[in-house]
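Residue-level listing of the chains:
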Amino acid sequence: MPPSSPFDVDAFYPDAADEDKLKEECGIFGVIGVKDAASFVALGLHALQHRGQEAGGIVTHHPEHGFNQTRRFGYVRDNFTSASVMETLPGPLAIGHVRYSTAGSKGPTAIRDVQPFFGEFSMGGAAIAHNGNITNANALRRELIERGSIFQSSSDSECIIHLMARSLQRNIPERMEDALRRVEGAFSVVAMTRTKLIGVRDPLGVRPLVLGQVGDGWALSSETCALDIIGADFVREIKPGEMVVITEKGVESHFPFRPAPPRFCIFEHVYFSRPDSIIGGRSVYETREAIGMELAKESPVDADLVCPVPDSGTPAAIGYARQSGIPYGMGIIRNQYVGRTFIEPTEQIRNMGVRLKLNVNRALISGKRVILVDDSVVRGTTSRKIKEMILDAGAAEVHFRIASPPTAWPCFYGVDTPQREKLLAATMSEDEMCAHLAVDSLKFISLDGLYRAVGEAKGRDNSCPQYCDACFSGEYPVEPADMIAQGFELKAAE
């Protein structure tokens, strides 16, 4: 069935505008010790909407009414702002999740795949929301089904609930520990029982999770920007391999997993996290400016204007302009209000493509040698269309500067990445990509340059990298067992 609106760009153009980006993983949020916890969670999920826009869910617990849950398709603002919906989610304890499918069904999202997942155990109910990806989920799923488990979803995260159900440990936090010791890959988890809010990060700390305090209560969140929206004070990041169990008595912390050198996802600095979040004590916005400055040092070019590809390229473009001394300008304007209308689509409107979301500021671009700064190149389809728009507006030259190294390998830790053969950098050199995009020059920041920009003055430690950079380097800190079983070939040892 065709899309109902010519302005439903994502439906018409699988690669239009933002669709040529790596997809954010998921966002998780939880609170305990506040009145109407669901309202706090809804606000937190709204601030994390950039991490997942397909669907969202909230589970709450009330001492008298027990557990309640609501899972819906679409944006938080369209589902969790109605008084009639929020009235069904009472209680001082709640967790929530916003989803973009990184495991499970890749077609239209099924409501059964929307988190949080809930289960009843002998010692009471528990709900769990997971950001990341379990790299041995297929093997675990087969084992669990053979032992009698009945799965309700296609999500890898449901494995955790079934592993908890089969654990022989005495209480739910211990059962969760037991379950997560079987899990490989990347996970940041928020979970809840009738009286506890639980947060866990995998031993490598690939995906983010932070702790905040709101009044006499506590909050767990994927990012600090979601703490800001509810007026919570940022306390600290949950450490890699740490489990926190929060009750009315306070926060208990322990480390149930074997210690390992941390490998936080470096792409959180480049693109995934909101620029107003704090990661590792550093402002994401300032880090992205530093990336642009490093890029200008590595790849200078004579030009008249530095222009970001909005919105994700903006801080890096500001940094590039500052370092190079070339004026910064908004040469491309993003239409923030692309939405549904009742206009019947026509072939002419369908051919507008990226122009429905992005428009060139012709008066600023005409006659100029333009440096376009973007955060990444994935398939390259949108980059070509933007370049054509810039040339159509009269630009004299177009130079691309990319604020990340070439994305040549898929991510298996919670980011929806195309198959390797569809990644432009997997099949082309930098010069070949430049010719393919038909631009005057194309340069990516080096991997060492990216590390310097995020605070590693000596660059990347090749013997023990400080971050997970598998999408750039092909070096996977956790072996993607399921994908290898399906025929994926790891990078050959050098």
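Described in the following lines is the structure provided in the data block. Only a predicted model underlies this, so the values are computations on that prediction, with no experimental measurement involved. (Residues numbered from 1 in each chain as written. Predicted model: local features only at pLDDT ≥ 70, side-chain atom pairs only at ≥ 80, totals over all residues. Heavy atoms only, no water.)

### Details of the sheet that holds strand β10 (residues 217-221)
The seven strands are arranged β3-β2-β4-β1-β10-β9-β11 in an open sheet whose pairing can be described as antiparallel. Of all strands in the sheet, those with a lone pairing partner are β3 (66-73) and β11 (233-237), marking the two edges. Strand after strand, the sheet turns through a mean of 15° between neighbouring axes, direction not considered. Sheet topology note: the strand β1 (residues 26-32)/strand β4 (residues 93-99) ladder contains seven bridges and is antiparallel. Pairing of Ile 28 across the sheet is with His 97, part of β4. (Pairing = 2+ DSSP bridges. Helix = DSSP H or I, 4+ residues; strand = E, 2+ residues; numbered from the N terminus. Axes fitted to C-alpha atoms, helices over the stretch in contact; angles between N-to-C directions.)

### Observations regarding unusual backbone geometry
The amide bond that connects Gln 115 to the next residue, Pro 116, takes the cis arrangement and shows omega of 5°. For Pro 116, the position within the fold is in the loop between β4 and β5 (117-121). The residue after Pro 310, namely Asp 311, is reached through a cis peptide bond having omega -10°. Mapped onto the fold, Asp 311 is located in the loop between β17 (305-308) and α11 (314-324). Residues other than glycine seldom take positive phi values, yet Asp 36 does so here, at roughly 55°. Tracing the backbone shows Asp 36 in the loop between β1 and α2 (37-47). Looking at Asp 36, the relative accessible area reads 44%, which means it is partly exposed. (Buried < 20%, exposed > 50% of the residue type's maximum accessible area, 1.4 Å probe, protein only.)

### Concerning the packing of aromatic side chains
Using the criterion set out here, one finds 12 aromatic pairs in the structure. With a centroid separation of 6.3 Å and 80° between ring planes, the pair formed by Trp 409 and Phe 488 is classed as edge-to-face. Here Trp 409, found in the loop between β21 (397-402) and α15 (424-427), pairs with Phe 488, found in the segment after α19 (481-485); they are 79 residues apart in sequence, far enough to count as distant. What makes Phe 488 buried here is its relative accessible area of 15%. Grouping aromatic residues by their ring pairs yields a cluster made of Trp 409, Phe 412, Tyr 413, Tyr 476 and Phe 488. Over the aromatic face of Trp 409 sits the side chain of Arg 420, whose NZ or CZ is 3.6 Å from the ring centroid. (Phe/Tyr/Trp six-rings, centres within 6.5 Å; stacked < 30°, edge-to-face > 60°. Lys NZ or Arg CZ within 6 Å of the ring centre and 35° of its normal.)

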